[in-house]
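As a plain string of letters, each chain reads:
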Amino acid sequence: MTSNSRVSRRLVLQAGAASTILGAPGLLLAQPKAVKIGLVHPVSGALAYSGSQSRFGAQFAIDEINAAGGIKSMGGAKLEAALGDSQSRPEVGVAEVERLHQEGVSAYVGCFSSAIALPATQAAAKYNTPFMIDVGVSDAIVSRGLKNVFRLAPGNGKCVDDAFAGLSDVNKAAGGPAKTAVIVHEDSEFGTSTAKLLAGKLSGIGLEVKEVLKHATPTRDFSNLVLRIKSLKPDLVIISNYQNEYVLLARTLYQQKAEVAGIFSVLGGGFNYRLVKEQPEVAQYMMDFNHWYNPKNAKAQAMRKAVEAKGNLFTFEVYCSYNSVKCYADALERAKTDERAAAIAALEASTWFPEVMPYGPTKFVNGQNTGGRAVLLQATKTDIGVVWPNEFAEAKPVFPRPKVS
Amino acid sequence: MDPSILFAATINGLLIGGIYTLVASGLTLIYGVLHIINFAHGSMLMLAMFGVYYLLTKLGVDPYLSLVVMVPAMYLLGYFLYKGVIGRLSNGKDENILLITLGLSIVIENVALMIFKGDTRTITVAYSDKMVELGSTLVPLPKLISFIAAMVLCAVLGLLIRHTDTGKAIRAVARERVGARLVGIDVDRVFAVAYGIGLATLGAAACLLMPIFYVSPSTGNVFIIVAFTVVVLGGMGSFLGAVVGGLIVGLTESFGGLFLGESLGQIGISLIFILILLFRPSGLFGARR
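The rules behind the values
- Residues numbered from 1 in each chain as written.
- Chains lettered and ligands numbered in written order.
- Predicted model: local features only at pLDDT ≥ 70, side-chain atom pairs only at ≥ 80, totals over all residues.
- Heavy atoms only, no water.
- UniProt positions renumbered as here; feature names shortened; annotations may be inferred.
- Domains from an automatic or database assignment.
- Contact = heavy atoms within 4.5 Å.
- Buried area = accessible area lost by both parts, 1.4 Å probe.
- Salt bridge = Lys/Arg side-chain N within 4 Å of Asp/Glu carboxyl O.
- Polar contact = N/O pair within 3.5 Å; in protein donor to acceptor, adjacent residues only side chain to side chain.
- Helix = DSSP H or I, 4+ residues; strand = E, 2+ residues; numbered from the N terminus.
- Pairing = 2+ DSSP bridges.
- Axes fitted to C-alpha atoms, helices over the stretch in contact; angles between N-to-C directions.
- pLDDT = per-residue confidence, 0-100.
- Right-handed = clockwise from strand over helix to strand, strands pointing away.
- Parallel < 35°, antiparallel > 145°, perpendicular 65-115°, else oblique.
- Left-handed = near helix turned anticlockwise from the far one by under 90°.
- Nonpolar A, V, L, I, M, F, W, Y, C, P; charged D, E, K, R; others polar.

For chain A, an unreviewed UniProt entry supplies the name ABC transporter substrate-binding protein and the organism Ramlibacter agri. Taken verbatim from the UniProt record of chain A, the Sequence similarities (unreviewed entry) comment is "Belongs to the leucine-binding protein family."

As structure tokens, this is what we get:
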């Protein structure tokens, strides 16, 4: 008995050891492969700030998903960011798409700039890899029949339509003080296409376009342009450009005491907390129609606090990229695979609800989410608030703005 | 066209020209006198502007008061950068200096991006929005101050190079490097001093620019090509040339913007640059070689 018992114990130990050794690779194999997402953002060059914010937002979503157990239908597969820097240049954006393809990414999220997004999505289309456009508003991005391209946020066509509805409401409520406008835009794809839409639709709300003025990026001095605006005496100045030029132009308008009923932008690149914090007098009463979080949503407020606790500003790039990753993750959950065609099919059928945004459920038509919307914002000396539409509004608009002088 | 707009465009052109002069004055010393193509000029300016930004936002030091910190700090940075990196790695070869400064600019810009992020920062001081009426034109006071300072800075640099021993040594080294060494001038030290002075002017430029402009890691790129244009246009090594070149570029940009639009108007700078070099290859005030 004793002898048998000893043998038996040895056998048990040996069997245990053998199963541990033999089972280890099996255990490793059981770990689901991480899903790589290529983040193609301009984290250097002229658009570096916006690109960095986008990258931050995407990484925020990836971390959140991984902390919650990864993609559950794929056995808890973790998401992994593969970082790309488009250096604010379209050709580099394309090169980064190619490089990240070699790294085996399952999808891309990017690109912030429309000018980069256009060729980058084209490059990704060769491999039929899903491309989630986080920011990049040109309608051309989703109107070329590319099956791999999806955009949650509204494009500039819808933004301009909605912006004018908001502007018209605000103007009517104030007794219609604005009758004329000057449009100022930067001269690349984003500014030009937005300005074209703006100029074409302003008459629809009873506003006359006095002139459309374009400028290069970078522009070092806006004195003459503001001089021209002052000589035209418009009621509204409508701006469409990127961050640096937006700040410089806003400052020059303020310094030169351009007395207008409103300074308004659609997707204004520099309309953010930084402007309010550093240039409160300049920013006060400026209005912008832009991507924004839902201020009445508790989760969005908590996310703002969490982002600010990390020393970052809660700019629109952060939650646009965050939601793009989340939307793709939702598609993965339903597709149960990161295989490209299946993920694209899942995205096409998406009814995901981005609760931190003032959106309805997702519905992609030709890659464009028709459930997305932007809101009208106004800056005070200390913060930015939603003033239209009423269902999301935190404050009443101040319009026309009090005279600067 | 309304004469008042033409007058205002002239004033704006001169003031923006003053800013270009400010940025180009150090470059004319480094590039024009010592023939060092300092590609790091823009990134050094950016670094100095961040210095001014943080001196104000963290310590409450006014940008103009920052001059007493930034000018010597940038001089020391330039001096030791030349001694420790540029001079040591270049082995006295100009083409090596070009590559080193280009490399430095890339490194500085990317490190700045890592530390400061790509965010655009501006400052507000009590006089930020103070305006001075010049005829019918409203001129921001900080812009007027930077214009006057640019003129004074160039005059001081010109006098320094012409009348001090250090200036004479710099000119000697610039004209005949081997000969200067033979008469006992420490050529490496002179290079380091000149590079330091060049960067010190950027320290001053940063203090004068911050109340007007914004800073981000790519801010240097906004000025660098214009600064090189001003130096070549005015004549390499001539501080009077830097002033005149800066004003010509400023006026060209201003009138180009007025008549051709802000987008197209900037080609005026390239056109006038080509025209002047066509007729005066050494620049307006450059010594013929």
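Colleague: When you look at the domain arrangement of chain A in this model, what are you seeing that I'm missing?
Modeller: All names here are of chain A. Per the domain assignment, the segments of chain A are domain 1 (35–154 + 296–373) and domain 2 (157–290 + 376–388). Taken together, the contacts link 20 residues of domain 1 with 17 residues of domain 2. Each partner contributes to the roughly 1,500 Å² buried at the junction of domain 1 and domain 2, and carbon and sulfur atoms together form 63% of this total. Three residues, V137, R304 and L313, lead the burial of domain 1 against domain 2; their summed loss comes to 28% of the area buried on that side. There are one salt bridge connecting domain 1 and domain 2. Between the two partners, domain 1 and domain 2, sit three residue pairs in polar contact (both at pLDDT 80 or more). The element that contributes the greatest number of residues to the side of domain 1 that touches domain 2 is helix α4 (residues 114–125), accounting for three residues.

Colleague: Looking at this structure, how should I read the sheet that holds strand β10 (residues 287–290) of chain A?
Modeller: Strands belonging to one sheet form pairs held by backbone hydrogen bonds; the direction of such a pair is parallel or antiparallel. All names here are of chain A. Taken in spatial order, the seven strands make up an open sheet running β7-β6-β8-β9-β10-β13-β14, and their pairing is mixed. Of all the strands in the sheet, just β7 (208–215) and β14 (384–388) have a single pairing partner and so form its edges. Here the average twist between neighbouring strands, direction ignored, is 25°. Two elements, strand β8 (residues 236–240) and strand β9 (residues 262–266), share four bridges in a ladder whose sense is parallel.

Colleague: Before we go on, may I ask you to explain the confidence of the model for chain B in this structure?
Modeller: Do not read the predicted coordinates in detail wherever pLDDT is low. For chain B, mean pLDDT is 91; residues scoring 70 or higher make up 99% of the total. In the model of chain B, helix α11 (residues 267–279) of chain B stands out as the element of lowest mean pLDDT, 86, in contrast to helix α2 (residues 41–59) of chain B, which has the highest, 97.

Colleague: What exactly am I supposed to notice about the UniProt feature "domain: Leucine-binding protein" (unreviewed entry) in chain A here?
Modeller: Following the UniProt record, one finds the feature "domain: Leucine-binding protein" (unreviewed entry) at residues 35–375 of chain A. Annotated as 44% helix and 17% strand, the span residues 35–375 of chain A places its first and last C-alpha atoms 33 Å apart.

Colleague: When you look at the interface of chain A and chain B in this model, what are you seeing that I'm missing?
Modeller: One widely used convention gives an interface's size as the accessible area the parts lose upon coming together. Tallying the contact residues gives 35 residues for chain A and 38 residues for chain B. Applying the counting criterion to the chain A and chain B interface returns three salt bridges. The salt bridge involving D119 of chain B is made with R274 of chain A; its shortest N-O contact spans 2.4 Å. Secondary structure elements with two or more residues in the side of chain A that touches chain B: α2 (48–67), β7, α7 (223–232), α8 (243–255) and α9 (273–278) of chain A. In terms of residues, the side of chain A that touches chain B owes the most to one element, α8 of chain A, which gives eight residues.

Colleague: In this structure, what is going on with the environment of F285 of chain B? I would like to understand it.
Modeller: Residue and element names in this part refer to chain B. Checked against the element boundaries, F285 lands in the segment after α11. Placed 45 residues apart in sequence, F285 and L240 show a C-alpha to C-alpha distance of 7.3 Å. With sequence-adjacent residues up to four places away left out, F285 is seen in contact with G234, G235, S238, L240, G241 and V244.

Colleague: Explain the pairing of strand β2 (residues 79–85) of chain A here, please?
Modeller: When a strand is regular, its side chains alternate between the sheet's two faces. Residues and elements named next belong to chain A. Summarising the sheet, strand β1 (residues 35–41) and β2 pair through seven bridges and their orientation is parallel. Each residue of the ladder has a partner; that of V40, found in β2, is G84. As for the winding sense of the linkage, the β-α-β connection from β1 through α2 to β2 is right-handed.

Colleague: Help me understand the confidence of the model for chain A, please; the structure alone is not making it clear to me.
Modeller: Here chain A averages 91 in pLDDT, and 93% of its residues register 70 or above. Low confidence marks residues 1–7 of chain A, where pLDDT is under 50. Its contacts with residues over four positions away, or in another chain, come to zero contacts.

Colleague: I tried to follow the packing of α2 of chain A against helix α12 (residues 316–335) of chain A on my own but got confused; where do I start?
Modeller: Helix-helix packing is described using two parameters, namely the angle between the two axes and the distance between the axes. Residue and element names in this part refer to chain A. The interhelical angle for the contact between α2 and α12, taken along N-to-C directions, is 40°, at an axis separation of 7 Å. Classed by the angle they form, the pair α2 and α12 counts as oblique. Between α2 and α12 the crossing geometry is right-handed. In this structure, α2 contributes S50, Q53, S54, F56, G57, A58, F60, A61, I62, E64 and I65 to the contact, and α12 contributes E317, V318, S321, Y322, V325, K326 and A329. Among the residues making up the contact of α2 with α12, the classes are represented as 10 nonpolar, five polar and three charged.

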